[in-house]
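Chain residues, written in single-letter form:
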Amino acid sequence: MVHPLLFLEFFRKMLEPLHITGASADAIIYTWLVILLLLALSLIATKSLKTIPSGLQNFMEIVVDTIEKMIVDTMGEHGRRYFPMIATLAIFILVSNLIGLVPGFFPPTANINTTAACALVVFISTHVVGIKEHGFHYVKHFLGPIWWLAPMIFFIEIIGHLSRPVSLTLRLFGNMNGHELVLMVFFALAPFFVPLPMMLMGVLVSFIQAFVFMLLAMIYIQGSLEEAH
Amino acid sequence: MDFFSMCVFAAGIGMGLGAIGTGIGQGFAVKGAVEGVARNPSASGKILTTMMIGLAMIESLAIYALVICLIILFANPYKDIALELAKAAAK
């Protein structure tokens, strides 16, 4: 399913020699757009830092402060170390979700490759954090409390851990892609005012999905941080 | 019935069945959360967060159904085989 109307459609031709088809090319170029947008925004916001913030700096401080508070609430004080990664993921996903509500823009998270990349980052970082924190004893996380049940628990735990990136990927992708498809169908049926309630729900879905992704990332990292029981 | 109308039927019925279970499950979850908030309004923040995680987990079931339906509709792996069979039947 290729988006019918996009502002940056001409990039599809530029990516043609790399054998990247329509929808993937859109996702790539809108990911770059989101990255540039966030980069420019943070550069402007931190250009002239003041003790008493105003304007953009104030807004960005509120955003960062809210995310930090959520991390401390969920993970405790030692969660502060993972703030940069989680906040980056959260803001990137939120902006990519919201950009899809502007007509002519494609949410990069409505492509399965973008969401899979985000989910793999979370998946790999949980295990890296676990190994860094516990060393070889991280294996205990997979063995369960009873030693003679360990061989069975091990495989169940492995399946459980592998299903995490799959569910993270599919949840975000399904929500955003489903929303995008519904909007497309509504625009095709009646382009005037009818898609508006759906777009309102899209705002809600964007915020909730970004929040859920962030929350699950925090919970997974927290799970590999704590001692095995 | 030919292959493609079967696909459309499968997608529609599958998504409907997926939505039933998820709807019931989410209804129970929200019921519990609302009761909790009604009894102890000061705990609403924590209940909201927990409910959101739970709802997202339950919702992913419907999302799996949606993804399967989208695969059936837009990226069907058996499309080429079905088209070849239809061509062979037409001959």
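In this text the structure is predicted, and so the values were computed from the model without any measurement.

1. What to know about the overall build of chain A
Counting secondary structure elements, chain A contains seven helices and zero strands. The N-to-C order of helical and strand elements in chain A reads α-α-α-α-α-α-α. Projected onto its principal axes, the C-alpha coordinates of chain A cover approximately 65 × 50 × 40 Å. Per-residue burial over chain A gives 27% buried out of 229 residues. Partitioning the contacts of chain A with sequence separation of at least 6, the portion at a separation of at least 24 is 64%.

2. Overview of the overall build of chain B
Scanning chain B from N- to C-terminus turns up three helices and zero strands. Secondary structure of chain B in N-to-C order comes out as α-α-α. In summary, chain B has a C-alpha radius of gyration of 21 Å against a globular reference of 12 Å for 91 residues, an excess of more than 25%. Taken over the C-alpha atoms alone, chain B extends approximately 75 × 20 × 10 Å along its principal axes. Here chain B holds 91 residues, and 11% of them are scored as buried.

3. Observations regarding the nonpolar core
With 44 residues, the main nonpolar core has A90(A), I93(A), V122(A), F213(A), M214(A), A217(A) and M218(A) as its most contacted residues. For this core, the elements supplying multiple residues, two or more each, are helix 2 (22-45), helix 3 (56-75), helix 4 (83-99), helix 5 (112-134), helix 6 (150-189) and helix 7 (195-225) of chain A together with helix 2 (44-74) of chain B. Top element by residues in this core is helix 7 of chain A. It accounts for nine residues. When near neighbours in sequence (up to four residues on either side) are disregarded, V122(A) contacts L168(A), A217(A) and Y220(A).

4. Section: the interface of chain B and chain A
The partner chain A presents 11 residues to the nine residues of chain B that form the contact. Grouping the constituent residues of the side of chain B that touches chain A by class yields eight nonpolar, one polar and no charged.

5. Let's talk about the confidence of the model for chain A
Averaged over all residues, the pLDDT of chain A equals 85, while 96% of them reach at least 70. Summarising per-element confidence for chain A, the mean pLDDT is lowest in helix 1 (residues 11-14) of chain A (71) and highest in helix 4 of chain A (92).

6. Examining the packing of helix 1 (residues 3-39) of chain B against helix 2 of chain B
Residues and elements named next belong to chain B. Two elements in contact, helix 1 and helix 2, have axes whose closest approach is 8 Å; the angle formed by their N-to-C orientations is 175°. By the angle class used here, helix 1 and helix 2 are roughly antiparallel. Looking at side-chain class alone, the contact of helix 1 with helix 2 contains 20 nonpolar, nine polar and one charged residues.

7. Thoughts on helix 2 of chain B
Taking 1.5 Å as the rise per residue, helix 2 of chain B with 31 residues should run 45 Å; its terminal C-alpha atoms sit 42 Å apart, in good agreement. At L61(B), helix 2 of chain B shows its maximal kink, close to 25°. Listed in full, the buried residues belonging to helix 2 of chain B are A56(B), E59(B), S60(B), A62(B), I63(B), A65(B), L66(B), C69(B) and I72(B). Residues of helix 2 of chain B that are buried in the fold lie against helix 6 and helix 7 of chain A together with helix 1 of chain B.

8. Some details on the environment of V194(A)
All names here are of chain A. The residue V194 is located in the loop between helix 6 and helix 7 in this model. Expressed as a C-alpha distance, the spacing of V194 and L183, which sit 11 residues apart in the sequence, is 9.5 Å. If we ignore the near neighbours within four places in the chain, the residues touching V194 are F186 and L189.

Each value, and the rule that gives it
Residue positions are given per chain, counted from 1 along the sequence in the order it is written. Each chain takes a letter, starting from A, and each ligand takes a number, starting from 1, following the order in which they are written. The model is predicted, so local features are restricted to residues of pLDDT at least 70 and side-chain atom pairs to those at 80 or more, both for listing and for counting; the totals for chains, interfaces and linings are taken over all residues. A run of H or I in DSSP counts as a helix once it spans at least four residues, and a run of E counts as a strand once it spans at least two, with each numbered from the N terminus. Three exposure classes are used, based on other C-beta atoms lying within 10 Å of a residue's own C-beta, which is placed from the backbone: buried for 20 or more, exposed for 12 or fewer, and partly exposed in between. We call two residues in contact if the C-beta atoms placed from their backbones are at most 7 Å apart. Here the globule rule is a power law, 2.2 Å times the number of residues to the power 0.38, and the radius of gyration is based on C-alpha atoms. Any set of buried Ala, Val, Leu, Ile, Met, Phe, Trp, Tyr and Cys residues joined through C-beta atoms within 7 Å is what this text calls a nonpolar core. Charged residues are taken to be Asp, Glu, Lys and Arg, nonpolar residues to be Ala, Val, Leu, Ile, Met, Phe, Trp, Tyr, Cys and Pro, and polar residues to be all remaining types, Gly included. Looking at any residue, its pLDDT shows the predictor's confidence there, from 0 to 100. Note on geometry: axes are lines fitted to C-alpha atoms, helical ones only across the stretch in contact, with angles between N-to-C directions running from 0 to 180 degrees. Angular relationships are summarised with four words: roughly parallel below 35 degrees, roughly antiparallel beyond 145, roughly perpendicular across 65 to 115, and oblique for the angles in between. A helix's residues, less one, multiplied by 1.5 Å, set its expected span. A residue's bend is simply the angle between two axes: one fitted to the seven residues ending at it, one to the seven starting at it.

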